[in-house]
Amino acid sequence: MSKLSKRELNTSLALSSVVGLRMFGLFLIMPVFTAYALHIPGATPLLVGLAIGIYGFAQALLQVPVGLISDRIGRHLTITVGLLVFVVGSVVAAMAHGINGIIVGRVLQGMGAVSGASQALAADHSRDDNRSKVMGIIGVSIGLAFILAIILSAPLAAIAGLPGLFGLTAVLALGAIVLLWIVVPRPEQRRAPAAAHGGEVLRMLVKPQLLVLNASIFMMHTMLTAAFVALPLMLARNTGITLDRQWELYLPVMLISAVVMGGVLRRVTSVAGSMRLILLCALGLGLALVGFSAAGHGHVLLWVAAIVFFSAFNLLEASLPSLVSRLAPQHMRGAALGAYATSQFLGAGIGGVMGGVVLQHLGLSAVFAVAAVLLVIWLPLLWWGRSRVIAAGTPVAA
C-alpha cells in the first residue's frame, strides 16, 4: 500500500470534517433518544424503535437514486441538496409535539440520503491502493464525532431536551454544507455514459462479490441500531451508569477502538486480508452482543464487550466501503456506493424496529441476544462470498 499523497491526505481530512460534522448531529440523538422519547405523548417502545429505524428506511429507499444523480450532476451539488432536505427534517422533528411528528421529521431527515455520494467523493480523490486509508480517516472522524456526541448529548438534552438536539442537528448540517464548498476540492467531473443505468446498474449490483459486502453492512447496522435501542436503558438500569455519566464508558472505549483501527488497517494490504478481517470483526460483533446480554451488573464483562463491539464496528466501517469502491466500475461508483448505503440504512431501519419490538415484548437483555442471532446467517454468507470477493480484485465487469 503506497503512501497517501498530499492531495489525498488534505482531501480526506477536509471531507472527514464534513462527514464528521453531519454525523455528530445524528449521534447526539442516539444515546438519549430512547430514554427521552418514551415520555413523549403517544410513545410506546415500538413507536420509539420505529422513530429510530424509519430514518434508515428512508435512507435505504433513496441511496441508489441519489448515487446515480451524483454520478451525473456532481457530488457537491447532490450532497448539498441532500443536506438541505436533512435540515428540513430536523426542524420538523424539533417542532413536533408528539411521537408521530418526530417520526415524520425522521423520515424527512432520512430523505437527505447523501452517504453513498459522500463515499463516492472520497473514492474519487483516492487511488485504489490507498482507499482503505482514506476511508479509515473518515471512519476516525465518525468515531471522534461519536465520542463528542456521547460526552455532550446528555448535558445538552438536559438543557434543551430533544427539540434542542434536533435543532442543533439542523445547524450542524448547514455548517457541513459550508465546509463542503470551502474545504473539499471538486473532482474532475466524469459523466456516466448513457448505458450506465437500469439493467447495467442492476447487473453490477447482483454480482456475488458486491452482494456479500452489501449484506455485511446490512447485518452490521441491524446489530448496531438494535443494540442502541436497549443500551442506554441497560446501562442505567442494570449497572447504575446514569444517562449523564454514560460517556465515562464510551470515551475510553472509543479511544481504544480508534487505536485498534489505526494499528490494524496499516497491516491489511490486500483484498484477502480485508476479507479475513471482516470475518473476524463479524464474529467479534456477535460475541460482544452476547456479552451485553449477559453483562447484568458485571462491569468487567460490559467493558470487554464494549471494546470488542466498537473496535469491530470501526474496522468494518472503514474496510467495507473501501472494498465496494474497488470492485465497482468507476463510472458507476456512486450507484454502487449508493446501493451499499441502501443496505446500511435498511439494516438500521430494521434494527430500530426489531429492537423496539423485542424491548416491548421480551425485555432489555433479549434485544442483544436476538441481534446476536443474526451471526448465524452472516458468518456462512461471508464464508461463501469470501473467495468471490478475493477473485474480483479487479473492477467488476458490468
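Procedures and definitions
- Residues numbered from 1 in each chain as written.
- Predicted model: local features only at pLDDT ≥ 70, side-chain atom pairs only at ≥ 80, totals over all residues.
- Heavy atoms only, no water.
- Core = buried A, V, L, I, M, F, W, Y, C linked by side-chain atoms within 4.5 Å.
- Buried < 20%, exposed > 50% of the residue type's maximum accessible area, 1.4 Å probe, protein only.
- Helix = DSSP H or I, 4+ residues; strand = E, 2+ residues; numbered from the N terminus.
- Contact = heavy atoms within 4.5 Å.
- Axes fitted to C-alpha atoms, helices over the stretch in contact; angles between N-to-C directions.
- Parallel < 35°, antiparallel > 145°, perpendicular 65-115°, else oblique.
- Left-handed = near helix turned anticlockwise from the far one by under 90°.
- Nonpolar A, V, L, I, M, F, W, Y, C, P; charged D, E, K, R; others polar.
- Patch = residues over 30% accessible without salt bridge, like charges linked within 9 Å, V, L, I, M, F, W, Y side chains within 5 Å.
- Areas by Shrake-Rupley, 256 points an atom, 1.4 Å probe, with all protein chains shown as cover.
- Salt bridge = Lys/Arg side-chain N within 4 Å of Asp/Glu carboxyl O.
- 1 Å grid on protein atoms, 1.4 Å probe; cavity = no way out; pocket = protein on both sides within 12 Å on 5 of 7 lines; lining within 4 Å.
- Points joined across faces, edges and corners; volume = space filled by probe spheres on them.

Draft legend 1. Layout of the nonpolar core. One finds Phe-33, Leu-213, Leu-285, Leu-289, Phe-292, Phe-309 and Trp-378 to be the most contacted residues of the largest nonpolar core, which totals 127 residues. Per-element tally for this core: the top contributor is helix 6 (residues 131–183), with 19 residues. With near-sequence residues (within four places) excluded, Leu-285 lies in contact with Met-220, Met-223, Phe-309, Ala-312, Phe-313, Leu-316 and Trp-378.

Draft legend 2. Highlighting the packing of helix 2 (residues 45–73) against helix 4 (residues 99–111). Following both chains from N to C, one finds helix 2 and helix 4 inclined at 25 degrees, their axes separated by 7 Å at the closest point. Relative to helix 4, the element helix 2 lies roughly parallel. Viewed along their axes, helix 2 and helix 4 form a crossing whose handedness is right-handed. Only Ile-99, Ile-103, Arg-106, Val-107, Gln-109, Gly-110 and Met-111 of helix 4 make contact with helix 2, whose side of the interface consists of Leu-47, Leu-50, Ala-51, Ile-52, Ile-54, Tyr-55, Ala-58, Gln-59 and Leu-62. Of the residues assigned to the contact of helix 2 with helix 4, the class counts are twelve nonpolar, three polar and one charged.

Draft legend 3. Looking closely at a nonpolar patch on the surface. Residues Ile-69, Ile-73, Leu-77, Val-81 and Trp-181 make up a contiguous nonpolar surface patch of roughly 440 Å² in combined accessible area. Mapped onto the fold, Ile-69 is located in helix 2. What makes Ile-69 partly exposed here is its relative accessible area of 41%.

Draft legend 4. Focus on empty space enclosed by the protein. In total, this model carries five cavities of 30 Å³ or more according to the counting rule given. Empty space within the largest cavity amounts to approximately 660 Å³. Taken together, 34 residues line the largest cavity, and the ones lying closest to its centre are Met-23, Leu-26, His-221, Gln-344 and Phe-345. Broken down by element, the residue count for the lining of the largest cavity peaks at ten residues, all from helix 1 (residues 6–37). Considering only residue class, the lining of the largest cavity consists of 24 nonpolar, seven polar and three charged.

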